[in-house]
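# Notes for the structure review
Here are the chains, one letter per residue:
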Amino acid sequence: MAIFIDSGDINEIRRFMKMGILRGVTTNPTILLKDGLTGGIDEIKKRTLEIAETIYPYPLSIEVTTNDKDLMLDQARRLAHWAENIVVKITVHGPDGEMHNLEVIHTLEYQHNIRVNVTAMMSSQQCLLAGLAGATYVSLFAGRVNNMGYNCLDELRKTRKLLDQFNLKAKIIAASTREVLNVVEWLDAGAHIVTVVPKFIEGMLVHPYTKETVRQFLQDALKSEQISRAKLAVSLEPVTSSQTKKKDSIPAPF
């Protein structure tokens, strides 16, 4: 799957989908607020349906907005019914360390057949537990791991090894990109997917030396065309009387 886009901007999503490079979309309340969605659940639903249709059949992750156990279950079921390619995002635990989130994740996956993306994880042990609970995706915030002074590449390698060792279905989403280089580094370290903000996808593609090379190609192609046209113009010039006389003065061969 490789590349997801971390955005709620429908225009950005459509732009990159037309290139054929996206395999999914992730959002969260912070992203949606940043992208201007301030009209409550109705506006979120409208944007969700737009994105889900645009990227179908690829997955779209939408996050619950509560950490109450019963409300999470209810909200997750409603979100999942908006479109068949929706994945529900739930944090690995609550803001004060509440641990019932894993119970909710397990219930949604095994009793309701709802795919869950467990998010806001900072370590391989969190990812392992989420995988054991039945999560479809485990999102390791690799950029934040680095910000805390640890090496996220080690956490990604350990997480991939553990998931493979225990034959768990969960796919690793490496999130919280900080620079273009993160994408290939994190994939190389074992992430199944990296979710990337739009500016870094553009940064992956556009290279200053590529721009310079393309400019040279186009300039040389134009020069070649100009030379060709100049030669053609010369060949089509009318023959003058002096040129005719000069031609006639050439002695005929014996």
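A few points on the structure. Since the structure is predicted, the reported quantities are computational estimates derived from the model, not experimental observations.

## Remarks on the overall build of the protein
Scanning the protein from terminus to terminus reveals 12 helices and eight strands. Taken over C-alpha atoms, the radius of gyration comes to 29 Å for the protein, far larger than the 18 Å a tight globule of 254 residues would show. Overall, the C-alpha framework of the protein stretches about 110 × 40 × 30 Å when taken along its three principal axes. Every one of the 254 residues in the protein was classed for burial, and the buried ones make up 42%. Total accessible area computed for the protein in this model is approximately 15000 Å², and 55% of it derives from carbon and sulfur atoms. Taking the 30 positively charged and 29 negatively charged side chains of the protein as two groups, their mean positions are separated by 8 Å.

## Observations concerning the sheet that holds strand E7 (residues 171–175)
In a beta sheet, neighbouring strands pair by backbone hydrogen bonds and run either parallel or antiparallel. Strand order in the closed barrel formed by eight strands is E1-E2-E3-E4-E5-E6-E7-E8, and the pairing between neighbours is parallel. Each of strand E1 (2–6), E7 and strand E8 (193–196) touches helix H9 (residues 181–188); the most contacted strand, E8, lies at about 165° to it.

## Thoughts on the layout of surface pockets
Size it by volume and the largest pocket reaches roughly 700 Å³. Lining the largest pocket are 28 residues, with Asp6, Asn28, Thr30, Ile31 and Val197 sitting closest to its centre. Ranked by the residues each element gives to the lining of the largest pocket, the list is headed by helix H2 (residues 29–34), at four residues. Computed from the structure, the second largest pocket encloses a volume of approximately 230 Å³. Its residues assigned to classes, the lining of the second largest pocket shows seven nonpolar, seven polar and one charged.

## Considering the environment of Val25
By the secondary structure assignment, Val25 is in strand E2 (residues 25–26). For the pair Val25 and Val197, spaced 172 residues apart in sequence, the C-alpha to C-alpha distance is 10 Å. Ignoring sequence-local partners within four residues, the contact set of Val25 consists of Phe4, Ile5, Ser7, Ile13, Ile51, Ile55, Pro59, Leu60 and Ser61.

## Section: helix H1 (residues 10–17)
Two residues of an α-helix separated by three or four positions point the same way, owing to the 3.6 residues in each turn. Here H1 has its buried residues at Ile10, Ile13, Phe16 and Met17. One face of H1 carries all of its buried residues, which in axial projection span an arc of 135°. Here the buried face of H1 lies against E1, E2, helix H3 (40–55) and helix H10 (198–205). Between the side-chain oxygen of the N-cap and the backbone nitrogen of Asn11 there are 3.0 Å, and the N-cap of H1 in question is Asp9.

## Some details on the side chain of His192
Relative to the assigned elements, His192 resides in the loop between H9 and E8. What makes His192 buried here is its relative accessible area of 17%. There is a polar contact of 3.4 Å between the side chain of His192 and the side chain of Arg160. There is a polar contact of 2.8 Å between the side chain of His192 and the backbone nitrogen of Ile172.

## Topic: a nonpolar patch on the surface
Taken together, the side chains of Met19, Ile21, Leu205 and Val206 define a hydrophobic patch exposed on the protein surface, amounting to about 350 Å² of accessible area. Within the secondary structure, Ile21 is located in the loop between H1 and E2.

## Things to note about the pairing of E7
Counting buried positions along E7 yields four of five residues, so the element is predominantly enclosed. Examined bridge by bridge, strand E6 (residues 137–141) and E7 share five bridges and lie parallel to one another. Bridge pairing in E7 links Ser139 to Ile173. Bridge analysis of E7 against E8 gives two bridges, and the strand direction is parallel. Looking at E8, one finds that Ile173 is bridged to Ile193.

What counts, and where the lines are drawn
Residues numbered from 1 in each chain as written. Predicted model: local features only at pLDDT ≥ 70, side-chain atom pairs only at ≥ 80, totals over all residues. Heavy atoms only, no water. Helix = DSSP H or I, 4+ residues; strand = E, 2+ residues; numbered from the N terminus. Rg over C-alpha atoms; globule rule 2.2 N^0.38 Å. Buried < 20%, exposed > 50% of the residue type's maximum accessible area, 1.4 Å probe, protein only. Areas by Shrake-Rupley, 256 points an atom, 1.4 Å probe, with all protein chains shown as cover. Lys, Arg positive; Asp, Glu negative; His and termini not counted. Charge placed at Lys NZ, Arg CZ, Asp CG, Glu CD. Pairing = 2+ DSSP bridges. Contact = heavy atoms within 4.5 Å. Axes fitted to C-alpha atoms, helices over the stretch in contact; angles between N-to-C directions. 1 Å grid on protein atoms, 1.4 Å probe; cavity = no way out; pocket = protein on both sides within 12 Å on 5 of 7 lines; lining within 4 Å. Points joined across faces, edges and corners; volume = space filled by probe spheres on them. Nonpolar A, V, L, I, M, F, W, Y, C, P; charged D, E, K, R; others polar. Arc of directions from axis to C-beta. Polar contact = N/O pair within 3.5 Å; in protein donor to acceptor, adjacent residues only side chain to side chain. Patch = residues over 30% accessible without salt bridge, like charges linked within 9 Å, V, L, I, M, F, W, Y side chains within 5 Å. Salt bridge = Lys/Arg side-chain N within 4 Å of Asp/Glu carboxyl O.

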